Structure formats: C-alpha cells, structure tokens
Amino acid sequence: MVGMKNSSNTYLPVQRTARLNNWKKVFSRLVRNKSAVIGGSFILLFMIIVFFAPLLAPYDPIQQDMLNKLQTPSSEHWFGTDNFGRDIFSRILYGTRLTMIVGFFSVALGATIGVLLGIISGYYGGKIDSVIMRIMDIFLAFPGILLALAIVTILGGSLINVIIAVSFSSIPIFARIVRASTLSVKKLEYIDAIRALGASDRRIIFKHIFPNITSPLIVQATLNIATAILSASGLSFLGLGAQPPTPEWGAMLSDGRNYLFNAPHVALFPGLSIVIVVLAFNLLGDGLRDALDPKNKD
Amino acid sequence: MFQFIVRRILQTIPVLIGISILVFSMLHLIPGDPAQIMAGESATKEQVENIREQLGLNDPLPVQYFKYIGHAVQGDLGTSIRSGRDVTEEIESRIGITIELAFYSTVLAIFIGIIAGVISATRKNSFIDTGIMVLALFGLSMPNFWLGLMLIQWFAIGIDLPSWIPFLEDTSWFKPSGWGSFEQMVLPVLTLGTGSAAIIARMTRSSMLDVIGQDYIRTARAKGVKESIVIYRHALKNALIPVVTVVGLQFGTLLGGAVLTETVFAINGLGRLIVDSIATRDFPVVQGSVLIIALLFVLVNLLVDIAYKLLNKRIDFE
C-alpha cells in the first residue's frame, strides 16, 4: 500500500511497477511451459497467414477449374483440389482469416458485454445482481450450439450473424467469472479505503477492480476463442454460416462430405486445420492458466 | 435436504419463464413478416393470411405469448407449416433417438473418461500420463462433425490396407448412416462421446490429484493400506464428486451437440429436425424443438445439483 496515492487522481509508480513486474513473472513462467509455447507459436503462424494470405496462396481461392476437379494432393496442388477444381491449400489459407476473425471478434463481443454485466452485478449486488444473473441463467439453459443456432435462425446466415450468435453463448460465462472475481476483490480493504477517499464508482470499477480481475479473464478469453471457432465452423457446416463460395473451413468440410468415397482429402484438410487452430488456443489457454495461477509462484 | 430440493426447484421457475419468453420471441425477432417468410416468396396473399391466422399473429403480443404458453403446458406446441402435423407429434417421434444418442455417448464418455483420468493421475508425469492428456486435448479440440466424417471414411467406407496385415483387409465394419442397429450406432456414439470423454478425463485427473494429495490418503498409505484400495476405495470415491457435475452438464451439451452428429450420420433425431426445419423456415417446429431441449437441459441440471448435494453434504448452496 506504500505510496499508493499521493493526490486524488495520480498514482505513484510503485503500484504500476509492481503490476508490470508481476506480468513479467507470468510471461517468464509462460515461456517455460513447452506446450504453451507450441500453442502460441501456431497462433503466431496463423496470424501471419491472416495478414499475408494473398501473398502466400498459390491460387485464387474461388477460381474454378473444372478440368482439374477432385485432384489428389500433388506438388502442384499441395492439398489437392475440390469439386470445382479450386485449390484447397489456397482456400485454407484464406479461410484462416475468417476463422481467426470469427474467433477473436465473437469473444471480444461476448467478453465486453459479459465483463460489463459481471462487474455491475458483482459490484452493486442486490436487485441488479439478481436480475442480471437470472437472465444469464436463462442463456445458460441452452446448450451453446443450440443458442447459436436459434440466433442465426433469427438473424439469417452470414459471417457477422455467426459472430453475434457465437458471442451470445459466451456472455453468461464471462459474466459469471467476472462477477465472482469482482465479489472477492470488492471485499479487499484497499477498495474501502479508496472509497473513503471519495473515489467514484466508475473510477473504482475501472481503475481498481478491473485490473485485478484480468487473469481469469485472459484465460477464459483464450479458451473461449477455441470454443467459438468450433461453434462457428459447426454453423457453417450446417449451411448457416458463411455462404458459398466463401472459403470457410466448416463449409469446406460440408462440401467434402459428398466426396468421402473418391476424394477424402476434400474433407481431411479443412478439418485438420480446425483441429490445429483450436488445439493451439487450448494449449495457450491451459498454459496461461498455469502461469497466472497464484499457487504457481517461482 | 428436502428444503434444498424445494428451493432449487423454485429457482428454476424464473429460468423456465425466461426460456419460454425467449423461444416465443424467436418468431417475432425475425426481420420482416414471419407469416410471409414461412409461406415463401411465391405465396398468395391468402396463403400468407392463413398462416397468420393459424399462428394467431393478429393478436397483441402478450395475448399471443399467453396463448402459446397455455397451449404448450397442455402439450400443444402448434402445427408444422410444412407437414401439417402437430409439432408435439413430430418431436415425440424423434426425441427418443436423440436422448438415446446423447445417453449412450455420455455412458461411453464416462467409461473412457474416468478410466483414462485415473490412469493418468496415478502415473502422474509419466509417459502414459502425457500420452493420455495429449489425446484428451485432441479430443477436446476436434470438431465432432469432422471426427464423424473421418470415422465414416475409415470404418464405414473402409481404407485399403496392405494385404499382409491379418484380419484387416477390409475396415468397412460399421454403417455410415441411420440409427437402430449396433452397426449404425457405434460411429455416432463415438463421434458425440469423444469430446466429453476428453473433458471428463481431464476433470477426473485433476480431481484425483487433489484428493491424492490430501492428509487422509497419506494416513491410509502410512497405515499400510494396499495401494489399489487407497486409490479405488478412498481416493476415487471422493474424487468423483466434482466429476458428477461435469457429467451432468455434458449430457445436456450432448443433447445440443446431437444437431451436428445427426446431420453427419443422417439420423432422424430432434437435432436433424431442427436443422431441416430451419432450412424450410418451419418456425413452429424450430421453436418447439428448441424449447424441449432447453427444458431437458434445465431438468438435467436440476438433477445434477441434487445429486451433487446428496453426494457432498458439506456443500452449502446459498
């Protein structure tokens, strides 16, 4: 607590430095975790593909070439071609963009709404808390994919609607986690002290409570990107997500179903891509959880 | 205990009301005129008006809601726009398959998950432990619809293996579609159960490790109790308590996950009914099916909470 405040709204660097040191320690624990590093490296690779897909892809992802349809993998077409003769490798590279966009944005949207609701619920308590949490219970009463399915039915199938639909199922998860963390932070003495000094609710929430609940939030967000990618590709597989000829992995898998007998590679590679990207986020999420766990001090 | 059960049941009432409002609103949240959307673009004015009348869309919203709920409570979920059959009838003819699929998948997941979790925990940090946990992570990260397609490819269509491998010239052991016979059920159950098996294995492992580290286990070992008894009689019994919650939640999740599995294996369950009805814009069927699955999910969660409380009397719910 030494030197936490020296006037009503400026901080001595002590607190900030302590927080920075803490993150440094977390980072050093994280890089010592082999599986987290593997997961992180794959995510980095996928991010590079997101930005450089047009430079990396050897072919146009939607250019049809009926003379070369359903070709098996070769040096010309690394992952073969699909039923319209399109190069699967190029489609997967472009599909990475959609996958990562859906993953990040749906979690960002779900987390933003969930965090706000969770903090308000935990901080103010009482009736507001009851109302918010009962509404969250209602959303939790639908198995994730079903809620997303219902929302896409209402909004119609498109990439943006998939993002909205998938984000909805993560709102109650974030709200619950953040509410629980807020409740425990709120009880700390220094929050009382700050309040006694006359800080406003908004200031307490954003300057003092929020920075203290980021650890569980980061872990949950990372793991949720994995779930979001799975749900979104599921919706596209059902024909409710990205529409043809968009190179979306779930939709590509759906195309591949019809060629399992004579061209199984059409379904193989999009599926493998989903597995790798989801695995990467799960590995990083698990690693972050261990690194941020207060029990795992060096 | 009785008080707890009553209180827990009372707590589900607002959730049930919320679910009913949400499901009811589905139809009204669709941009545009629901009657027109359901009738299709080429429908005549008369047809659209018929659908509007059939769904009672001319009444004020609250009246429509109370009518919907009033009928639903009596088992009337409306009429399918496409088939003209009662929605309840449609659901009744399909729901058994979906519950069977989710049930067998949960049983498989429990069986594999708990065994794998215990083996992993008792051989912590060994090669086997790492292997099981890597497999579990893969199970968790695999889209089940892709796993389903791959299983069809390997074990229904079959793969060409070199002829010198005995007994394995042909791997087309199972059927790629339908539901009912053993050959038809193996692949869908494996497809749907794998993800849950992975979750249960991870949960069992961490729960076992928690328990094994506790004093009473050390005491039992110090007293010279046989290791197998320590693990299976002392540790596992307590380690399984948190696993119960996960198992219950998984059953609910699998009811939802059946949507994809049923689509992959062309199984005529409730999940496929939902997907087909979305495609044909048959909203009364979609609403009814979503409502039923949500109700089942709430019921399962209620039972899980009660089971958890019975198993662990120390837990004090607010």
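Residues numbered from 1 in each chain as written. Chains lettered and ligands numbered in written order. Predicted model: local features only at pLDDT ≥ 70, side-chain atom pairs only at ≥ 80, totals over all residues.

1. What about the overall build of chain A?
Selection criterion: Segments assigned H or I by DSSP are reported as helices when at least four residues long, segments assigned E as strands when at least two residues long, and all are numbered from the N terminus. To sort residues by burial, count the other C-beta atoms lying within 10 Å of each one's C-beta; a count of 20 or more means buried, 12 or fewer means exposed, and anything in between means partly exposed. C-beta atoms are built from the backbone. Whether two residues are in contact depends on their C-beta atoms, placed from the backbone: they are in contact if these lie within 7 Å.
Per the secondary structure count, chain A includes eleven helices and zero strands. Counted from the first residue to the last, chain A has its helices and strands arranged as α-α-α-α-α-α-α-α-α-α-α. For chain A, the proportion of its 298 residues judged to be buried stands at 44%. Put simply, 69% of the contacts in chain A that link residues at least 6 apart link residues at least 24 apart.

2. Here's the deal with the overall build of chain B
When helices and strands are tallied, chain B shows twelve helices and zero strands. Each helix and strand of chain B, placed in order from N terminus to C terminus, yields the pattern α-α-α-α-α-α-α-α-α-α-α-α. Along the longest, intermediate and shortest principal axes, the C-alpha atoms of chain B span 80 × 65 × 30 Å. A buried classification covers 42% of the 318 residues belonging to chain B. A fraction of 71% describes how many contacts in chain B between residues 6 or more apart in sequence connect residues 24 or more apart.

3. Some words on the domain arrangement of chain B
Residues and elements named next belong to chain B. This is how it is decided: Those domain boundaries reflect an automatic or database domain assignment. Amino acids outside the nonpolar list (Ala, Val, Leu, Ile, Met, Phe, Trp, Tyr, Cys, Pro) and the charged list (Asp, Glu, Lys, Arg) are all regarded as polar, and Gly is one of them.
You can read the domains of chain B as domain 1 (17-76) and domain 2 (93-311). With centres defined by C-alpha atoms, the gap from domain 1 to domain 2 works out at 37 Å. In this assembly, seven residues from domain 1 lie in contact with six residues from domain 2. Of all the elements in the fold, those that place two or more residues in the side of domain 1 that touches domain 2 are helix 1 (2-29) and helix 2 (34-39). Grouping the amino acids of the side of domain 1 that touches domain 2 by side-chain chemistry returns seven nonpolar, no polar and no charged.

4. Quick notes on the interface of chain A and chain B
Contact residues are listed per partner, giving 33 residues for chain A and 38 residues for chain B. Only helix 4 (126-140), helix 5 (144-155), helix 9 (214-237) and helix 11 (265-292) of chain A provide two or more residues apiece to the side of chain A that touches chain B. Class assignment of the residues belonging to the side of chain A that touches chain B gives a composition of 24 nonpolar, six polar and three charged.

5. Things to note about helix 4 of chain A
Basically, it comes down to this: Here the expected span of a helix is defined as 1.5 Å times the quantity of residues minus one.
Helix length check: helix 4 of chain A, at 15 residues, gives a terminal C-alpha distance of 21 Å against a target of 21 Å (1.5 Å per residue), a fit within 8%. Of all the residues in helix 4 of chain A, the buried ones are Ile132(A), Met136(A), Ile138(A), Phe139(A) and Leu140(A). As for helix 4 of chain A, its buried residues are in contact with helix 3 (88-124), helix 5 and helix 6 (159-186) of chain A together with helix 1 of chain B.

6. A short note on the environment of Arg7(B)
For Arg7(B), the position within the fold is in helix 1. Taking the C-alpha atoms as reference points, Arg7(B) and Thr88(B), separated by 81 residues in sequence, lie 30 Å from one another.

7. Here's the deal with the confidence of the model for chain B
The condition that has to hold: Residue-level confidence of the predictor is summarised by pLDDT, bounded by 0 at the bottom and 100 at the top.
When pLDDT is averaged along chain B, the result is 87; 95% of the residues meet or exceed 70. Both scores are available for the predicted complex, with the pTM at 0.89 and the ipTM at 0.88.

8. Describing the packing of helix 3 of chain A against helix 6 of chain A
Stated formally: Convention adopted: a line fitted to C-alpha atoms gives each axis, helices being fitted over their contacting stretch, and angles between N-to-C directions are expressed from 0 to 180 degrees. Each crossing is labelled by how the near helix is turned from the far one, with a counterclockwise turn of less than a right angle marking it left-handed and a clockwise turn marking it right-handed.
Two numbers describe how helix 3 of chain A lies on helix 6 of chain A: the axes approach to 5 Å, and their chain directions differ by 35°. Of the two elements, helix 3 of chain A crosses helix 6 of chain A, and the hand of that crossing is right-handed.

9. Some words on the environment of Ser106(A)
Residues and elements named next belong to chain A. Looking at the secondary structure, you find Ser106 in helix 3. Since 27 C-beta atoms lie within 10 Å of it, Ser106 is described here as buried. A C-alpha to C-alpha distance of 29 Å links Ser106 and Arg86, two positions 20 residues apart in sequence. Those residues in contact with Ser106, other than ones at most four positions away along the chain, are Ile163, Val166, Ser167, Ala228 and Ala232.

10. Comments concerning the nonpolar core
Inclusion rule: Here, a nonpolar core means buried Ala, Val, Leu, Ile, Met, Phe, Trp, Tyr and Cys residues linked by C-beta atoms lying within 7 Å of one another.
Core analysis: the biggest nonpolar cluster contains 163 residues, and Ala148(A), Ile229(A) and Ile200(B) have the highest contact counts within it. Among the elements that make up this core, the one with the highest residue count is helix 10 (residues 227-264) of chain B (15 residues). Counting contributing residues, this core receives three or more from each of domain 1 (17-76) and domain 2 (93-311) of chain B. In contact with Ala148(A), other than residues within four places in its own chain, are Ala165(A), Val166(A), Phe168(A), Ser169(A), Ser231(A) and Leu235(A).

11. Describing the environment of Ala251(A)
Residue and element names in this part refer to chain A. Among the secondary structure elements, Ala251 is positioned in helix 10 (residues 249-256). Exposure remark for Ala251: the 26 C-beta atoms within 10 Å place this residue in the buried category. Those residues within four positions of Ala251 in sequence are excluded, and the remaining contacts are Ser236, Phe237, Gly241, Ala242, Pro244 and Thr246.

12. Examining the confidence of the model for chain A
Averaged over every residue, the pLDDT of chain A is 87; the share at 70 or more is 93%. Throughout residues 1-10 of chain A the model reports pLDDT below 50, and contacts reaching past four residues in sequence, or to other chains, amount to eight contacts.

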